[in-house]
Amino acid sequence: MNYQNNLEFAKQQDQVDPLKDFRSRFLIPQHKGEDVIYLCGNSLGLQPTSAQQHINDQLDNWKNLAVEGWFQGDDPWLDYHKSLSGSIARIVGAQENEVAVMNSLTVNLHLLMVSFYKPDSKRYKVIMEGGAFPSDQYAMESQVKYHGYDPADAIIEIFPREGELTLRTEDIVNSIQQNQNELALVLFGGINYYTGQFFDLKAIADAAHNVGAYAGFDLAHAAGNVPLQLHDWGADFACWCSYKYMNSGPGGVSGIFVHEKHFTDKQLNRFAGWWGYRQDKRFLMAPGFDPAIGANGWQVSTAPILLLSLFKASMTIFDALGDMNILRKKSLLLTGYLEFLINEINFNNGEEIFKIITPADPASRGCQLSVVCKRKAKATFNFLAENGVIGDWREPDVIRLSPVPLYNTFQDVYKTAQLLNNSITAV
Ligand SMILES: *Cc1c(COP(=O)(O)O)cnc(C)c1O
């Protein structure tokens with residue numbers, strides 16, 4: 001697209017945007033009587049307008065039906081989590097029985113590693129992206145220790161080459177090959193939370209499988225942001241949170257993917273609970289764990305219906321979209337516009353004041369751009385906030401800006417870039 005650096009152009013793009021009506025399905029916080037420019041969906045997605053109704057419906061069911069709510073009402077609680085599986089399977093590119101909605105993200109990461117990190121004296125190493133989200137680092141480190149290995153020896157982190165900001169797929173694949181005899185697991189984020197780099201997950205899964213290791217992905221920043229094909233890519237497992245790009249509310253319910261090739265593998269350990277028991281016999285309370293076939297066999301505890309109802313409010317919006325590729329199409333244009341405008345600021349000032357560290361190749365990123373501010377970074381961030389732009393600050397000098405195609409506009413992006421430009425003289 002031939003972008004233009006003016007408000008008329010942004011307005012015109014908003015007019016022809018096929019997703020323009022989706023914004024009204026969200027509640028936008030206010031700043032001085034106007035909608036904020038919310039570019040922080042990478043951290044917490046906005047509240048769907050229907051969220052209140054969804055949670056009220058379940059509070060009413062609880063009030064009117066009490067325990068009968070498990071079996072009665074429009075949407076009996078016993079199967080409530082399953083009513084979300086179809087929507088989520090479409091978002092992550094899975095078969096419906098390969099996904100389960102449960103727990104929170106780091107908890108699920110641990111549960112999946114119980115199954116898929118099975119170190120022995122020969123194969124005990126794990127490859128991760130360097131600078132993974134801290135919770136993933138802590139989870140992996142504690143798993144390694146739990147099995148009696150030394151994290152410093154067992155965890156291999158891959159960093160960008162000297163002078164580069166993001167990882168090359170070839171370097172990831174080479175590292176996997178170099179450790180082929182000792183590698184048990186490759187655990188990667190889908191999109192790195194700091195740089196916004198979207199990794200080539202198929203290449204990573206293939207490389208892992210070629211050396212006999214498992215491949216698992218944390219999709220916290222990818223699910224609901226970019227199209228994914230977990231089943232076809234052959235990922236062994238994945239997990240994500242739903243409160244970022246999937247708008248399920250603070251602390252919303254996480255989900256897992258387990259590839260169908262593992263459904264009947266009796267060698268996989270599980271930390272079991274009754275909610276993962278095959279449903280037709282769950283209430284017989286028989287001794288011995290007989291899991292449900294599918295990702296739901298990894299469930300542990302009773303489903304948190306009130307949280308799930310909020311998740312459902314958001315999933316009805318994704319269902320109305322139909323296809324992640326529709327979202328992606330706008331996302332590429334919107335984030336491309338932000339990139340164009342930031343580069344214009346640099347060009348017009350004759351120096352790179354705002355350095356985008358997210359890959360320039362649109363295929364290697366989602367909607368987020370991570371921007372290093374080379375002068376007065378924190379003051380610049382505060383200036384944006386004072387003027388109604390909610391971005392996200394990362395030490396020491398990075399502002400993450402995530403135009404979310406479901407609710408952000410080209411005018412949001414244009415105004416943000418204008419403020420970035422004004423900050424040069426204002427702060
Ligand atoms: C957001 C995020 C988390 C958060 O985990 P919770 O268990 O939901 O608190 C973990 N890992 C990654 C990669 C994330 O982006």
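Going by the structure above, here's the rest.
Residues numbered from 1 in each chain as written. Predicted model: local features only at pLDDT ≥ 70, side-chain atom pairs only at ≥ 80, totals over all residues. Heavy atoms only, no water.

1. Concerning the site of the ligand
Item 1. Lining the immediate environment of the ligand, one finds L105, T106, F133, D136, D218, A220, H221, Y243 and K244.
Item 2. The contact in question runs from a nitrogen atom of the ligand to an N or O atom on the side chain of D218, over 3.2 Å.
Item 3. A distance of 3.1 Å is found between an oxygen atom of the ligand and a side-chain nitrogen or oxygen belonging to H221.
Item 4. Burial of the ligand by the protein chains amounts to 82% of its free accessible area of 400 Å².
Item 5. Grouping the amino acids of the shell around the ligand by side-chain chemistry returns 4 nonpolar, 2 polar and 3 charged. (Near = heavy atom within 4 Å. Polar contact = N/O pair within 3.5 Å; in protein donor to acceptor, adjacent residues only side chain to side chain. Areas by Shrake-Rupley, 256 points an atom, 1.4 Å probe, with all protein chains shown as cover. Nonpolar A, V, L, I, M, F, W, Y, C, P; charged D, E, K, R; others polar.)

2. Observations concerning the side chain of D171
Item 1. As for its position among the elements, D171 is in helix 7 (residues 169–178).
Item 2. A relative accessible area of 16% means that D171 is categorised as buried.
Item 3. Those residues in contact with D171 that lie beyond four places of it in its chain are I158 and R161. (Helix = DSSP H or I, 4+ residues; strand = E, 2+ residues; numbered from the N terminus. Buried < 20%, exposed > 50% of the residue type's maximum accessible area, 1.4 Å probe, protein only. Contact = heavy atoms within 4.5 Å.)

3. Description of the packing of helix 7 against helix 8 (residues 201–210)
Item 1. At a closest axis distance of 9 Å, the pairing of helix 7 and helix 8 adopts a crossing angle of 15°. For the element pair helix 7 / helix 8, the angle class is roughly parallel. In terms of crossing hand, the pair formed by helix 7 and helix 8 is right-handed. Between helix 7, through T169, I172, V173 and I176, and helix 8, the contact on the second element is made entirely by A203, I204, A207 and A208.
Item 2. In terms of residue class, the contact of helix 7 with helix 8 is made up of 7 nonpolar, 1 polar and no charged. (Axes fitted to C-alpha atoms, helices over the stretch in contact; angles between N-to-C directions. Parallel < 35°, antiparallel > 145°, perpendicular 65-115°, else oblique. Left-handed = near helix turned anticlockwise from the far one by under 90°.)

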